[in-house]
Amino acid sequence: QNLVGVADTASEGTVTAKQLANRPLLRPAEVMEAVPGMIVTQHSGDGKANQYFLRGFNLDHGTDFSVAIDGMPINLPTHGHGHGYLDLNFLIPEPVERIQYKKGPYAAEDGDFSSAGSARIDYRRALPEDYVSVGIGSNGYRRLLTAADKETTGGGRWLGAVEVFHNDGPWDVPEHYKRLNGVLRYSEGTRNNGHSVAFMAYDGDWTSTDQLAQRAVDRGLVNRYGSLDPTSGGKTRRLSLSGQWARQDGAVQTRANAYLVDYKLNLFSNFTYAMDDPVNGDQFEQADRRRYGGFGWSRSQPVQWLGKEGEFTWGVQGRQDDIDNVGLYRTAARQRLSTVRSDSVNQGSLGLYGQWGAQWTDWLRSVAGLRHDRYRFKVDSSLAANSGKDNEGITSPKLSLIFGPFANQEFYYNWGQGFHSNDARGTTIRVDPSNPGDSMSRVPALVKSRGQEVGWRSAPAPGWNTSVALWRLDLDSELLFVGDAGTTEAGRPSHRQGVEWSNYWTPRDWLTLDADIALSKARFRDDDAAGKYIPGAVERTASVGVAVHDLGPWRGGLRLRYLGPRALTEDNSVRSGSSTMVNLNVGYKLAAKSQLTLEVLNLFNRKASDIDYYYESQLRGEAAAVADVHSHPAEPRIWRLTYTQGF
């Protein structure tokens with residue numbers, strides 16, 4: 001879409017169902033690669049949350065990028081595996097209607113985990129037709145998807161979709177990933193003037209091949225698709241009930257939503273092999289059992305201020321996480337040997353925000369916002385010294401200036417503050433356990449971020465939209481992945497800057513071309529002899545795609561994705577390689593309501609890594625720990641064939 005005159009930044013946009021239809025996807029979360037500059041990979045079994053890269057971040061499993069589906073936030077704070085854990089395996093890509101994305105901390109409605117950006121995913125309220133889809137492919141891939149909707153006599157509509165999935169992957173130890181997904185939704189009216197209620201259910205079970213030490217592959221102990229612990233893997237379950245309500249009364253728009261989620265994960269990993277326990281090995285279990293719920297309400301209406309007519313939006317968001325158990329256990333072959341730590345956590349937050357947008361002249365528009373968040377933490381730990389309470393608040397101002405349109409182009413300046421929370425377990429540890437009155441926290445509960453962006457957007461020709469954004473972002477504390485613990489921890493202050501160029505062109509009704517490139521620089525801001533490089537921080541990404549829409553009986557897409565090299569150590573002495581992948585999707589309409597689709601992923605069978613880390617581990621038989629590169633390979637060339645029958 002041409003967003004000149006509509007957008008507040010050069011780096012926001014909307015991805016439509018049409019753009020997603022011809023994207024070849026290895027995993028559900030790869031729909032997020034439709035966000036320019038975003039790369040999605042995996043460092044373990046496919047049932048685990050994915051790895052995300054954007055704007056100079058290795059976001060691990062979701063830190064500093066927030067996602068909501070039908071208004072329901074998906075990131076999980078104080079999670080057993082990693083703070084901000086973003087698991088999108090329950091997403092069914094086919095019913096997705098749109099993805100609205102923003103980058104940077106410039107939007108008042110975005111709170112925790114949104115410093116790098118945010119995305120809002122919406123499911124359809126109606127289907128073009130009911131259908132059944134059956135897929136087969138390499139490495140034990142099997143998928144059955146059925147979706148249907150039905151209009152009621154009262155004008156409402158039911159929509160349901162069920163997915164049954166199995167995949168072994170290319171691993172020597174078959175993944176046996178089994179996924180059962182379902183969504184049932186009732187809606188009336190439209191997105192701006194109506195309401196809906198949705199129930200979603202997901203159950204997953206898998207065996208994982210974790211990242212491997214390079215020396216184990218070099219010595220021939222395993223091949224690159226092998227495993228050093230065949231019992232690693234996990235089980236997860238997610239049930240949710242959510243609702244949305246909207247009313248349009250003239251120029252006044254009111255929205256509300258609420259959600260309730262029941263979630264469970266038992267994750268078994270072994271990243272260091274036999275460094276801590278040469279007899280039983282270093283496998284550990286991370287458990288998370290929680291229920292969380294919340295709500296949101298907002299209203300937008302015309303307001304006159306300073307002699308100018310503008311739109312004022314204000315809202316409130318609340319969330320409560322009741323975590324029965326977030327635990328870490330030493331295990332062998334998925335059997336618990338001892339408890340490292342087990343906690344019960346109660347975490348609540350309330351956010352208030354307001355923003356005012358005004359047109360000052362025919363060439364100048366502004367949006368000014370203010371947000372305040374308040375958090376409360378209570379931790380009851382198996383270790384008394386780790387128990388405690390904490391309360392903290394943070395205020396985040398925002399400002400956007402929009403210049404134009406000038407000859408179908410627009411310029412932007414954006415400034416804003418945001419934040420991410422820290423794991424509640426780190427905020428309540430007393431510095432002096434012998435002094436019960438000592439309430440000092442080891443880490444702050446809320447960490448400020450500050451961002452700026454200068455951008456340009458243009459529609460230089462019919463069907464061609466292009467934008468450029470120069471940005472910077474400073475964080476008071478970095479959230480980093482710790483390899484031997486398998487979790488994220490608060491770290492040093494950081495600075496990032498970069499440039500992004502995005503293009504979307506439709507030269508013909510049946511043809512779409514898109515291309516984006518992102519260059520980033522990420523450094524720690526403090527003085528430390530270890531160095532200033534942020535391990536894993538992405539420096540260069542690029543994506544180029546061609547999509548053919550309904551050219552006679554044919555449709556399809558061809559995509560190239562580039563993930564550049566990264567520093568793996570703070571002194572930049574060890575670096576990862578780069579990867580370039582090409583994926584293909586070709587569809588042929590056999591009849592009016594039947595279609596055959598072929599996907600070929602990693603078309604040229606490139607040998608690449610999905611992720612690389614550098615840390616110490618110890619193989620069985622080694623006398624001491626060794627610092628080494630640990631990698632998880634990208635899957636080799638695979639094919640998937642899908643038959644879809646409409647009704």
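Data block above holds the structure.
The text that follows walks through the structure, step by step, so that each part is easy to find.

Let's talk about the overall build of the protein chain
Within the protein chain, the secondary structure is distributed over 3 helices and 35 strands. For the protein chain, whose C-alpha radius of gyration is 24 Å, the value lies close to the compact-globule estimate of 26 Å for 647 residues. Per-residue burial for the protein chain yields a buried fraction of 57% across its 647 residues. For the protein chain, restricting intrachain contacts to residue pairs at least 6 apart in sequence, the fraction spanning at least 24 positions comes to 65%.

Concerning unusual backbone geometry
Following G404, the chain continues into P405 via a peptide bond in cis, with omega recorded as 5°. By the element assignment, P405 lies in the loop between strand 21 (388–403) and strand 22 (409–421). Although it is not a glycine, D64 adopts a positive phi angle of roughly 70°. A relative accessible area of 1% places D64 in the buried class. The backbone of N602 sits at a positive phi, close to 55°, despite the residue not being glycine. Take N602: it is sitting in the loop between strand 32 (594–601) and strand 33 (609–617). For N602, a relative accessible area of 2% translates into the label buried.

Things to note about the environment of Q244
Relative to the assigned elements, Q244 resides in strand 15 (residues 233–249). With 94 residues separating them in the primary sequence, Q244 and S338 have C-alpha atoms 44 Å apart. Ignoring sequence-local partners within four residues, the contact set of Q244 consists of D70, G71, R185, G194, H195, S196, A256 and N257. A polar side-chain atom of Q244 sits 3.4 Å from the main-chain carbonyl oxygen of D70.

Some words on the sheet that holds strand 2 (residues 39–41)
Taken together, 3 strands build an open sheet; the order of strands is 2-3-4 and the sheet is antiparallel. With one partner strand each, in any of the chains shown, strand 2 and strand 4 (57–58) form the two edges of the open sheet. Pairing of strand 2 with strand 3 (residues 51–54) involves 3 bridges; the strand directions are antiparallel. Among the inter-strand pairings, V40 is bridged to a residue of strand 3, identified as Y52.

A short note on the pairing of strand 34 (residues 626–633)
Counting buried positions along strand 34 gives 6 out of 8 residues, so the element sits mostly inside the fold. In the sheet, strand 14 (residues 212–213) pairs with strand 34 via 2 bridges, with the strands oriented antiparallel. Residue pairing in the sheet places A213 in a bridge with H630 of strand 34. The sheet contact formed by strand 33 and strand 34 spans 8 bridges and is antiparallel. Within the sheet, the bridge partner assigned to Y615 lies in strand 34 and is D628.

Remarks on the sheet that holds strand 33
For sheets, the rule is that strands pair by backbone hydrogen bonds, running either parallel or antiparallel. Within the open sheet, the 3 strands sit side by side as 14-34-33. Their pairing is antiparallel. At either end of the open sheet lies a strand with only one pairing partner, and these are strand 14 and strand 33.

Brief notes about the side chain of E500
Looking at the secondary structure, you find E500 in strand 27 (residues 494–508). At 3.0 Å, the side chain of E500 forms a polar contact with the side chain of R55. Here K103 takes part through its side chain, which lies 3.4 Å from a polar atom of the side chain of E500. When sequence neighbours within four positions are dropped, the list of residues in contact with E500 reads S11, R55, K103, S467, V468, A469, W471, I517 and A518.

Looking at the nonpolar core
One finds M32, V67, I69 and L88 to be the most contacted residues of the largest nonpolar core, which totals 57 residues. With sequence-adjacent residues up to four places away left out, V67 is seen in contact with M32, M72, P73, I74, N75, L86, L88, A119 and I121.

What to know about the pattern of salt bridges
Throughout the structure, instances matching the rule amount to 46 salt bridges. With its nearest N and O atoms 3.1 Å apart, the salt bridge here joins R215 to D628. Within this pair, whereas R215 is found in helix 2 (residues 214–218), its partner D628 is found in strand 34, the two being separated by 413 residues in sequence. Accessibility assignment for this pair places R215 and D628 in one class, buried. Note that R566 is salt-bridged to D612, the shortest N-O span being 3.8 Å. Residue R566 is found in the loop between strand 30 (554–563) and strand 31 (579–591), and its partner D612 is found in strand 33; the two are separated by 46 residues along the sequence. Taken individually, R566 and D612 each receive the classification buried, so the pair is uniform in this respect. Where salt bridges share partners, they join R237, D262, R289, R291 and D324 into one cluster.

What counts and how
Residues numbered from 1 in each chain as written. Predicted model: local features only at pLDDT ≥ 70, side-chain atom pairs only at ≥ 80, totals over all residues. Heavy atoms only, no water. Helix = DSSP H or I, 4+ residues; strand = E, 2+ residues; numbered from the N terminus. Rg over C-alpha atoms; globule rule 2.2 N^0.38 Å. Buried < 20%, exposed > 50% of the residue type's maximum accessible area, 1.4 Å probe, protein only. Contact = heavy atoms within 4.5 Å. Polar contact = N/O pair within 3.5 Å; in protein donor to acceptor, adjacent residues only side chain to side chain. Pairing = 2+ DSSP bridges. Core = buried A, V, L, I, M, F, W, Y, C linked by side-chain atoms within 4.5 Å. Salt bridge = Lys/Arg side-chain N within 4 Å of Asp/Glu carboxyl O.

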